[in-house]
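# Secondary and tertiary structure notes
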Amino acid sequence: VAYLFFVSGIRTDYGVEYPLANICVLENSSVFIPCTFFYPAGSSVTRVMWGHERNDLYEGPFLYDSDNLNLTSRFRYNGDKKNNCSFTIQNIGRNDSGKYAFRFETTEDTGKFTGITGSVLQVFGKFLRLQPSVGGTIKEGDSVHLECENPCNRTHQSITWFKNGAPVREGSKLDLGPVSPSDSGNYTCSLSDHLGTTTAAVHVDVEYGPKNTRASPPMEIDSGTRVSLVCQSLANPPVKSYVWFRIIDGVQEVGNQSVWVTSENGEYFCRATNKHGSQNSSIVTVEIKGEFVERGSLNAELRVHEDCSFSLQSHADTPEHQEPGVQGCGDHGNSSCAPPYASNVIPKYQLRFNSD
């Protein structure tokens with residue numbers, strides 16, 4: 001809006017020009033509103049203001065007022081008191097939609113003017129889409145689709161994806177999969193054009209069952225000494241339960257916590273479990289000085305072919321004790337008779353296959 005008067009080539013009009021009458025912006029972003037103004041020659045500008053249509057654009061209250069610099073820092077005047085009246089709004093919310101107008105006052109008694117046409121902001125909310133949805137569980141091995149939408153249909157726009165602040169690719173879409181724990185992190189979609197940069201972020205949390213489950217290393221203790229065996233595992237969500245087992249006359253459950261205290265020698269292993277599965281540790285041996293460790297029979301853990309039979313005897317780690325042998329394998333003196341161990345337990349035995 002402008003009032004135009006020319007006297008002998010000297011400009012005597014008042015006016016405000018808004019290059020962008022309508023501006024589409026995204027929630028939580030910042031927007032720059034370009035603006036220029038003019039006034040009669042010989043006048044000086046004493047006060048500049050920006051207002052929103054929810055208030056009186058002539059009388060205020062105003063979002064920015066050069067006479068009151070204690071207003072919120074979300075609104076920044078980028079102009080001056082000459083001809084530039086540009087304005088920036090930061091951290092935009094849905095309530096920021098609507099018309100914004102510039103007003104200025106000069107040293108003339110009648111030199112007060114409001115550019116009533118203003119610039120109109122249209123604020124959009126969500127523009128980043130995640131499949132599966134953010135509320136769903138993302139498990140190891142799943143495929144994840146991230147898409148940065150452009151509701152404003154702005155042209156000349158570049159889109160960049162970042163993971164934990166580091167750029168990963170250009171373009172509106174980012175596909176991950178099959179995902180692994182290393183894919184967890186904060187993903188940011190950044191839209192840039194002549195109006196500035198807009199970003200949105202989403203956290204990807206890849207869940208998985210227990211990994212790298214391990215028990216305390218083998219140890220030797222004095223008779224009567226109690227020792228703490230510790231079970232550790234990596235899992236997301238964290239391990240819900242730990243169970244300790246002792247190998248003696250089969251496999252016996254001896255405890256149901258991450259730390260198991262014992263004074264008995266023998267072979268032990270632990271099992272870690274969360275909602276996505278379980279994993280066993282390798283076997284650790286507790287030896288009491290002066291005693292040999294009795295190796296427990298694992299017959300209860302063996303699965304064999306119908307035409308094979310095995311026996312696994314206890315033995316000590318001394319020269320006079322022989323390693324356990326396999327009896328009654330008939331003509332099956334080969335690896336096809338080898339019994340697999342259940343529950344991921346890998347005992348410290350070597351089985352010999354003795355054909356008749």
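Residues numbered from 1 in each chain as written. Predicted model: local features only at pLDDT ≥ 70, side-chain atom pairs only at ≥ 80, totals over all residues. Heavy atoms only, no water.

Under the annotation held in an unreviewed UniProt entry, the chain carries the name Ig-like domain-containing protein and is attributed to Takifugu rubripes.

General note: in soluble globular proteins, nonpolar side chains tend to be found buried as a group. Formed by 29 residues in total, the largest nonpolar core has its most connected members in Val 16, Phe 37, Trp 50, Ile 89, Phe 102 and Phe 104. Here this core gets four residues from one element, more than from any other, and that element is strand β12 (residues 98-106). Counting residues in each nonpolar core, the second largest holds 18 residues, with Ile 138, Cys 152, Leu 174 and Val 202 among its members. (Core = buried A, V, L, I, M, F, W, Y, C linked by side-chain atoms within 4.5 Å. Buried < 20%, exposed > 50% of the residue type's maximum accessible area, 1.4 Å probe, protein only. Helix = DSSP H or I, 4+ residues; strand = E, 2+ residues; numbered from the N terminus.)

Right, let's get into the pairing of strand β8 (residues 45-52). When you tally the buried positions in β8, you get seven out of eight residues, the bulk of the element. Bridge count between β8 and β12: seven bridges; the pairing is antiparallel. Along β12, the bridge assignment pairs Gly 51 with Ala 101. One ladder, built from two bridges, connects β8 with strand β9 (residues 64-65); its direction is antiparallel. When the sheet's bridge partners are listed, Met 49 is paired in β9 with Asp 65. (Pairing = 2+ DSSP bridges.)

Time to look at the environment of Gly 111. Its location among the elements puts Gly 111 in the loop between β12 and β13 (112-114). Residue Gly 111 is classed as buried on the basis of its relative accessible area, which comes to 0%. Along the chain, Gly 111 and Ser 44 lie 67 residues apart, while their C-alpha atoms are 9.4 Å from each other. Sequence-distant contacts of Gly 111, that is, excluding residues within four places in its chain, are made with Tyr 14, Phe 104, Glu 105 and Thr 106. (Contact = heavy atoms within 4.5 Å.)

Turning our attention to the side chain of Ser 43. Structurally, Ser 43 can be placed in the loop between β7 (36-38) and β8. Once residues lying within four places of it in the same chain are set aside, the contact partners of Ser 43 are Thr 106, Thr 107 and Glu 108.

Here the focus is the sheet that holds strand β6 (residues 31-33). Read across the sheet, three strands follow the order β6-β11-β10 without closing on themselves; strand pairing throughout is antiparallel. Either end of the sheet is taken by a strand with one partner, and the two such strands are β6 and β10 (75-77). Ignoring which end each strand starts from, the neighbouring axes of this sheet average 20° apart. Bridge count for β6 against strand β11 (residues 87-89) is three bridges, and the pairing is antiparallel. The residue of β11 that forms the bridge with Ile 33 is Phe 87. (Axes fitted to C-alpha atoms, helices over the stretch in contact; angles between N-to-C directions.)

What follows is about the sheet that holds strand β25 (residues 227-236). Spatial ordering of the open sheet is given by β16-β23-β25-β28, a layout of four strands whose pairing is mixed. This sheet does not close on itself; its edge strands, each paired only once, are β16 (138-139) and β28 (259-262). Bridge analysis of β16 against strand β23 (residues 206-215) gives two bridges, and the strand direction is parallel. Each residue of the ladder has a partner; that of Lys 139, found in β23, is Glu 207.

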